[in-house]
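Letter by letter, the chains look like this.
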Amino acid sequence: VYDVKVFQVPGNHAYQTTSGARPTLARIPSSGRRNLLTRTEEFDNAAWTKVNATVSANTTTAPDGLSTADTLTDDATNADHKVRQGVSITSGTTYTVSVYAKANTLSFVWIYAGTPNVGRVFNLATGAVGVAVGTAPTSSNISAIGNGWYRCSITYTAGATSTQNHDIGTSPDGTSINYIGTGQSLYLW
């Protein structure tokens, strides 16, 4: 048995008539943590450009238990197979790009960021960080979150202020990102 009590503390604690005495709401870090990409749980949305691949919406159970995870399927093109979205970045600023991914008929996903051309392949069968795509990012991480899902991420420092593409793609073997697709797929959320 728990004894829970709630008390009202007298006074006005959210507002002060003098501007210098008003509470300050803070974001940590000061610029705030925020997602610069849009529609990040809807890879089928037009906000994501599909390159030599298709996306089928809501095809399997996502990490949150809802049927909202998408399937990324490669096509027969001899190239890289991916979804991408451009975002404005600022030189010298550190960014992290992450995705939840799960193996289907493909077991390797990669994340790539434009300037300074960094990326990494992740093994969704073993939970291992794989080879670099371009230059190795500042850091790379893969974390199992249950039911075959992994959170894969790269962190990098932007080398220029510009709009850069951030790509999430497939690999058949963990080393090749340019290959002839055969209609294989993996899950993204």
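Residues numbered from 1 in each chain as written. Predicted model: local features only at pLDDT ≥ 70, side-chain atom pairs only at ≥ 80, totals over all residues. Heavy atoms only, no water.

1. Observations regarding the overall build of the protein chain
No. 1: Helix and strand counts for the protein chain come out as 0 helices and 14 strands.
No. 2: Helices (α) and strands (β) of the protein chain occur, in sequence order from the N terminus, as β-β-β-β-β-β-β-β-β-β-β-β-β-β.
No. 3: When the 189 residues of the protein chain are sorted by exposure, 37% land in the buried category.
No. 4: Split by element, the accessible area of the protein chain, about 10400 Å² in all, is 49% carbon and sulfur. (Helix = DSSP H or I, 4+ residues; strand = E, 2+ residues; numbered from the N terminus. Buried < 20%, exposed > 50% of the residue type's maximum accessible area, 1.4 Å probe, protein only. Areas by Shrake-Rupley, 256 points an atom, 1.4 Å probe, with all protein chains shown as cover.)

2. Focus on the nonpolar core
No. 1: One finds Val109, Cys152 and Leu188 to be the most contacted residues of the largest nonpolar core, which totals 30 residues.
No. 2: For this core, the secondary-structure elements that each account for two or more residues are β2 (53-60), β5 (82-89), β6 (94-103), β7 (108-113), β8 (118-123), β11 (149-157) and β14 (185-188).
No. 3: Once residues lying within four places of it in the same chain are set aside, the contact partners of leucine 188 are Phe43, Ala69, Asp70, Leu72, Val83, Val99, Tyr100, Ala101, Val109, Trp149 and Ile168.
No. 4: Grouped together as the second largest cluster of nonpolar side chains are 6 residues, Tyr112, Val121, Val133 and Ile177 included. (Core = buried A, V, L, I, M, F, W, Y, C linked by side-chain atoms within 4.5 Å. Contact = heavy atoms within 4.5 Å.)

3. Points about the sheet that holds β8
No. 1: In space, the 6 strands of this open sheet follow the order β1-β5-β12-β7-β8-β9, with antiparallel pairing throughout. Looking at the sheet topology across the chains shown, the edges are occupied by β1 (49-51) and β9 (128-132). Direction aside, the axes of adjacent strands within the sheet are offset by 25° on average.
No. 2: Strand direction decides the pairing type here: β7 and strand β12 (residues 162-171), joined by 6 bridges, are antiparallel. Considered in β12, the bridge of alanine 113 is made with histidine 166. (Pairing = 2+ DSSP bridges. Axes fitted to C-alpha atoms, helices over the stretch in contact; angles between N-to-C directions.)

4. Brief notes about the sheet that holds strand β3 (residues 69-74)
No. 1: The strand order β2-β3-β14-β6-β11-β10 describes an open sheet built from 6 strands, whose pairing is antiparallel. The sheet terminates laterally at β2 and β10 (139-146), the two strands that pair on one side only. Along the sheet, successive strands turn relative to each other by an average axial angle of 30°, direction set aside.
No. 2: Note that β6 and β14 share 3 bridges and pair antiparallel. Note on β14: the bridge partner recorded for alanine 103 is leucine 186.

5. Focus: the environment of aspartate 167
No. 1: Among the structural elements, aspartate 167 can be located in strand β12.
No. 2: For aspartate 167, a relative accessible area of 2% puts it in the buried group.
No. 3: If sequence neighbours within four positions are ignored, aspartate 167 has contacts with Lys82, Val83, Arg84, Trp110, Ile111 and Tyr112.
No. 4: Among the polar contacts made by the side chain of aspartate 167, one reaches the side chain of arginine 84 at a distance of 3.0 Å. (Polar contact = N/O pair within 3.5 Å; in protein donor to acceptor, adjacent residues only side chain to side chain.)

6. Thoughts on the packing of aromatic side chains
No. 1: What the rule picks out here adds up to 3 aromatic pairs.
No. 2: Between phenylalanine 43 and tryptophan 48, the ring centres sit 4.8 Å apart and the planes meet at 50°, which makes this aromatic pair tilted. You'll find phenylalanine 43 and tryptophan 48 in the same group, each marked buried. (Phe/Tyr/Trp six-rings, centres within 6.5 Å; stacked < 30°, edge-to-face > 60°.)

7. Considering the pairing of β5
No. 1: In this sheet, β5 lies alongside β1 in antiparallel orientation, the contact comprising 3 bridges. Pairing of threonine 49 across the sheet is with arginine 84, part of β5.

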